[in-house]
Amino acid sequence: MGKNKGGNVPKHVAIIMDGNGRWARKRVMPRFMGHRQGVKALKSAVRYASNQGIATLTVYAFSTENWQRPQEEVTFLLDLMNKTFVQEIDELFRENVRIVLVGDRESVSPEILEVWDSAEKRTAENTGLTLNVAFNYGARQELVKATQLIAEKVLTGEMNLGDITSDCISESLYTAHSPDPDLIIRTGGEMRLSNFLLWQAAYSEIVVMDVLWPDFNEKHFSHALDEYSQRERRFGKVPVKE
Ligand code: FPP
């Protein structure tokens, strides 16, 4: 599929991949089948984003709240993500994708961290799409952590209170290496952010789609990009005169 016809391609797209469970339930299948199908949709979204010239794609893979799901679903999801990275890493490398884990590493098991670390190291020099995978991610927890980091610097005299600016907070988040998302896509139809990129989303355009994540394809992605290109982004200012 060719470049988005609107021409105004967002630099950073973030996706809340919702609806895996409902996709499975509709087919009278166990929820894990929806997650497995969701990985296929993710692979095609990564390829499409890369072909469209989007610089950064951030996907919400596992939230800090997701640990509260039934143990077998949690185990399945963790295993699915690990296997996917092991299986796909060569192709992602060839496609020049840089993988970055955004989330809290501290409470993650060493086995999982090893897979992430090796995926990150292997692709660190890649210059194509940056794929931020939000794993064990929660925006409030991210802001608490950033606040602690900054407070520590103030306490040790490395920084003064007056040095705490909006940029300083952005630079203390897991996404410090990425610009704020221009566009956030949420599948599954729910109109909320679910603790995703709360600081970074201040001026993001949000497109909520009724499609369930495992069914999300290039056509839906293209539709979201078209919708984005028609929005007028004012960042709190008055409209620009024609
Ligand atoms: C939300 O659907 C989806 C998730 C919690 C998991 C998303 C994860 C993937 C698509 C796999 C990611 C894989 C890698 C390699 C990063 P839901 O289960 O909440 O669906 P529901 O709202 O219909 O119940």
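Our structure's up above, just so we're on the same page.
Residues numbered from 1 in each chain as written. Predicted model: local features only at pLDDT ≥ 70, side-chain atom pairs only at ≥ 80, totals over all residues. Heavy atoms only, no water.

Next up on the list: the packing of helix 2 (residues 31-52) against helix 3 (residues 71-94). In the contact formed by helix 2 and helix 3, the axes pass within 11 Å of each other and the chain directions differ by 30°. Between helix 2 and helix 3, the interaxial angle falls into the category roughly parallel. You can see that helix 2 and helix 3 cross each other, and the crossing is right-handed. Across the interface between the two elements, Arg31, Phe32, His35, Arg36, Val39, Lys43, Val46 and Arg47 of helix 2 pack against Glu73, Phe76, Leu77, Leu80, Thr84, Glu88, Glu91 and Leu92 of helix 3. (Axes fitted to C-alpha atoms, helices over the stretch in contact; angles between N-to-C directions. Helix = DSSP H or I, 4+ residues; strand = E, 2+ residues; numbered from the N terminus. Parallel < 35°, antiparallel > 145°, perpendicular 65-115°, else oblique. Left-handed = near helix turned anticlockwise from the far one by under 90°. Contact = heavy atoms within 4.5 Å.)

Let us now look at the sheet that holds strand 1 (residues 12-16). The six strands lie next to each other as 3-4-2-1-5-6, forming an open sheet whose pairing is parallel. The open sheet has two edge strands, strand 3 (98-102) and strand 6 (205-208), and neither has a second partner. The mean inter-strand angle of the sheet, taken between neighbouring strand axes irrespective of direction, is 20°. Against the sheet, helix 3 engages strand 2 (56-63), strand 3 and strand 4 (130-137), with an angle of about 155° to strand 2. Set on the sheet, helix 4 (residues 110-123) makes contact with strand 3 and strand 4; between it and strand 3 the angle comes to about 140°. (Pairing = 2+ DSSP bridges.)

Quick look at the layout of surface pockets now. The probe, sized like a water molecule, is rolled over the atoms to show the empty space still left. Of the pockets and cavities examined, the largest pocket occupies roughly 830 Å³. Surrounding the largest pocket, 39 residues form its lining, Met17, Asn20, Tyr60, Ala61 and Phe62 being those nearest its centre. Sorting the residues of the lining of the largest pocket by element identifies helix 1 (20-26), helix 2, strand 2, helix 3 and strand 4 as the ones contributing at least two each. For the lining of the largest pocket, the per-class residue count stands at 17 nonpolar, nine polar and 13 charged. (1 Å grid on protein atoms, 1.4 Å probe; cavity = no way out; pocket = protein on both sides within 12 Å on 5 of 7 lines; lining within 4 Å. Points joined across faces, edges and corners; volume = space filled by probe spheres on them. Nonpolar A, V, L, I, M, F, W, Y, C, P; charged D, E, K, R; others polar.)

It is worth spelling out the pairing of strand 3 at this point. Along any regular strand, the residues point their side chains to alternate faces of the sheet. With four of five residues buried, strand 3 lies mostly within the body of the structure. Pairing of strand 3 with strand 4 involves five bridges; the strand directions are parallel. By the bridge assignment, Val100 is partnered in strand 4 with Asn132. (Buried < 20%, exposed > 50% of the residue type's maximum accessible area, 1.4 Å probe, protein only.)

In this section: the site of the ligand. Surrounding the ligand, one finds 20 residues, the nearest of these being Asp18, Gly21, Arg22, Arg31 and Arg69. Note that an oxygen atom of the ligand is positioned 3.1 Å from one of the backbone N or O atoms of Asn20. Between the ligand and Arg22, the relevant distance is 2.7 Å, taken from an oxygen atom to a main-chain nitrogen or oxygen of the residue. When the ligand is considered free in solution it has 630 Å² of accessible area, and contact with the protein chains removes 91% of it. Given that more than half its atoms are within 2 Å of the pocket grid, the ligand belongs to the largest pocket. Elements with a minimum of two residues in the shell around the ligand: helix 1, helix 2 and helix 3. Per element, the largest residue contribution to the shell around the ligand is five residues, and it comes from helix 2. Looking at the shell around the ligand residue by residue, the class counts come to nine nonpolar, seven polar and four charged. (Near = heavy atom within 4 Å. Polar contact = N/O pair within 3.5 Å; in protein donor to acceptor, adjacent residues only side chain to side chain. Areas by Shrake-Rupley, 256 points an atom, 1.4 Å probe, with all protein chains shown as cover. Sits in = over half its atoms within 2 Å of the grid points.)

Take the side chain of Gln200 next. Within the secondary structure layout, Gln200 lies in the loop between strand 5 (183-186) and strand 6. Excluding residues that lie within four positions of it along the chain, Gln200 makes contacts with Tyr137, Glu142, Leu173, Thr175, Asp180 and Pro181.

This brings us to the nonpolar core. Among the nonpolar cores identified, the biggest contains 44 residues, and Val13, Ile15, Leu57, Phe85, Phe135, Ile185 and Phe221 are the most heavily contacted of them. In terms of residue count, the dominant contributor to this core is helix 3 (seven residues). Excluding residues within four positions of it along the chain, Ile185 makes contact with Val13, Ala14, Ile15, Ile16, Val207, Met209, Phe216, Phe221 and Ala224. (Core = buried A, V, L, I, M, F, W, Y, C linked by side-chain atoms within 4.5 Å.)

A pair can form between side chains of opposite charge whenever their charged atoms are brought close. Under the counting rule described, the total for this entry stands at 16 salt bridges. One salt bridge in this structure joins Arg122 and Asp90, with 2.9 Å as the shortest N-O distance. Of this pair, Arg122 sits in helix 4 while Asp90 sits in helix 3, placing them 32 residues apart in sequence. Take Asp90: its relative accessible area is 41%, and that puts it in the partly exposed class. Of the charged contacts, one joins Glu232 and Arg234 as a salt bridge, the two residues approaching to 3.5 Å between their closest N and O atoms. By relative accessible area, Arg234 is classed as partly exposed at 40%. Through salt bridges that share partners, Asp18, Arg22 and Arg186 make up one connected network. (Salt bridge = Lys/Arg side-chain N within 4 Å of Asp/Glu carboxyl O.)

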